[in-house]
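Below, each chain spelled out in residue letters.
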Amino acid sequence: MAGMTPRSRWPFDDADAAGWHRDERGVSPVIGAVLIFGLLLALLAILQTTAVPALNEQLEFQHNERVQDDIVAVESTIDDVARSGKPATVSVETGLRYPPRMMFVNPPPVSGTIRTGERHSIRISNATAPGETGDYWNGSARTFETRTMTYRPAYNEYGSAPVTVVEPWGVYNDFDGTTLALTEQDLVDGRRVSLSTLTGNRSRSDAGRTQLAVRPTSAETRTITVRGTTDPITITIQTGLSERRWRELLAGQTCANTDGDGRCDAGSSPTAHVLNDSVDVSGGVLTFRLEQGVTYALELGATTVGDGGRTMEPRYLTDVAGNATAVPENGRRKLVVEARDRFDNPVSGVTVDGSVDGSGAIRPVNAITGTDGRAAFVYEAPTDVETSQTVPVTLAFDGDDSPSQEVTMTLSVLDIDTGGGNELGTPPSVTITNVAGNTAGSQDRYDVSVDAGDPDGDLDRVEFELRNLDTGVVIDTASAQISGTSATVTERLRAQGGDRADEYRIIVTASDAAGNSGTDETTVSG
């Protein structure tokens, strides 16, 4: 058409074109936001794969240090329980839970495992003891069972963490065969040898804390003396520590033995008695010898954890009082023996029988051993003997008829009529004259009055005992110093709490300066 401008082929008018260009400019912020979000995701991914594992590894390392302290406490608790005879519980932080981290993912909690190990053995050879104890400790090898306890972590990041091991004489870390001791050894200290064994079965994995209940099976209440006579005392134990580590631990206890005669060289430390050339670890077994001719204090104890602990049986009987003493005709002598287990500690509930090979009679005061492992008898000499004589008295418990399970005491019965056998004088007499009891309230109390006399005028001491009539357990004791030809004494005996009983036996013993004694006893109601 004339005078008209042709329409543009562009499908949009100018206004539309202007609007299109505005929409195109809005793409840049969107793309920027997407890129920033992507960078954030990449940063989070980097942090998740690098920073979070590093932080968790640090937490695991710190946790492992705490666990090592806990394991050292376990070893200390084993020693304490063995010495005190009282059970105890110790806590171990076996596991670890990671703290929550916003926007990050933690691995599952760590569940470490604490468990008892395989049975190991301890052997003591060539150790001899004096007296009746020597029937058991006669130089023969004595073997004791023990176990280790290990903590094995299962960390997610700390891959080089050690296995921490408790041996009853120390704690160490095991880094894939390389060991590092965490504590000093407490096996040998000068002339003291101390062994506390661990038995039982316990295994637990936990992400929190694990409680370990340690119980005594033979408390270290007795110390015996031993020595190597013909050969040095030899101690053999299984161990995970190397010889180099043991030499480091025993460094303050070793001495040179240049002559090979089993004795330390002149100039050695007076507290060093482990022969240096004898220290050897082969096949996981430590062996060392103690200086010959030296007397050592031997302390043995046993503990258990978890299941499988055993009650100790009596192994031998030893004399406590009355052996190799004199008693005049028509006199009495108190004889005391003690039943012990293989760790040399008292065993209660053992029935002891007595017999006399000769004149006189034996009467039980307490034939069943109490918590102190002791049984008491009284030997009553004949009314009259023609000449002084030696009378063997045998006390024993039923077992395998081993010589160590009986004690033979030798008593000299003196003929005091002739005047030639009265070196020790006349034994004192003692009579319980009154027992004033009060069983009301929270305890049973008995004021025991006695009259003691001795024509020789050398009265020395009166001892009082309150025993459970059924079990023979000594509940309370008291004593008083006396002198002269006569004395009247009153002492109080008490039973309270779980020691209270329906009936008690009160035993009173008067002694003189020459070692003679007389006894009296009575039974009272609770």
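The structure under discussion appears in the preceding block.
Rules used throughout
Here the residue numbering is sequential within each chain, running from 1 through the sequence in written order. Per-residue local features of the predicted model are confined to residues with pLDDT of at least 70, and side-chain atom pairs are confined, for both listing and counting, to 80 or more; whole-chain, interface and lining totals are unaffected and use all residues. Just so you know, side-chain values use all the structure's heavy atoms and leave hydrogens and water out. A run of H or I in DSSP counts as a helix once it spans at least four residues, and a run of E counts as a strand once it spans at least two, with each numbered from the N terminus. In this description the radius of gyration comes from C-alpha coordinates, and the expected globular size is given by 2.2 Å times residues to the power 0.38. Only protein chains enter the accessibility calculation, which uses a 1.4 Å probe; a residue is then buried when its area is under 20% of its type maximum, exposed when over 50%, and partly exposed in between. The contact criterion used throughout is that any non-hydrogen atoms of two residues lie within 4.5 Å. Counted as positive: Lys and Arg. Counted as negative: Asp and Glu, with His and the chain ends omitted from the count. Charge placement uses NZ in Lys and CZ in Arg. For Asp and Glu, CG and CD serve respectively. Each pair of strands is called paired provided DSSP finds at least two bridges between the two strands. Every angle, taken between N-to-C directions, lies between 0 and 180 degrees, and every axis is a line fitted to C-alpha atoms, over only the stretch in contact when it is a helix.

Caption draft 1: Just the overall build of the protein chain, in detail. Scanning the protein chain from terminus to terminus reveals three helices and 33 strands. The C-alpha radius of gyration of the protein chain comes to 39 Å, more than 25% above the 24 Å expected for a compact globule of 526 residues. By its C-alpha atoms, the protein chain is 175 × 70 × 40 Å across when sized along the principal axes. Burial analysis of the protein chain (526 residues in total) assigns 44% to the buried set. Partitioning the intrachain contacts of the protein chain with sequence separation of at least 6 by distance along the chain shows that 67% fall at a separation of at least 24. Positive and negative charge centroids in the protein chain, built from 44 and 75 side chains respectively, lie 10 Å apart.

Caption draft 2: Just the sheet that holds strand E27 (residues 429–438), in detail. Ordered by their spatial adjacency, three strands build an open sheet running E27-E28-E31, and the pairing between neighbours is antiparallel. The open sheet has two free edges, formed respectively by E27 and strand E31 (486–496), since each of these has just one partner strand. The average angle at which neighbouring strand axes cross in this sheet is 20°, direction not considered. In this structure, E27 lies alongside strand E28 (residues 443–453), joined through nine bridges in antiparallel fashion.

Caption draft 3: Representation of the sheet that holds strand E32 (residues 503–512). Sheet architecture is open: four strands sit in the order E30-E29-E32-E33, paired in antiparallel fashion. If you trace the sheet from one side to the other, it starts and ends with strand E30 (474–481) and strand E33 (517–525), each paired once. Between one strand axis and the next, the sheet turns by 15° as a mean value, whatever way the strands run. By the bridge criterion, nine bridges tie strand E29 (residues 459–468) to E32 in an arrangement that is antiparallel. Looking across to E32, one finds that asparagine 468 is bridged to tyrosine 504.

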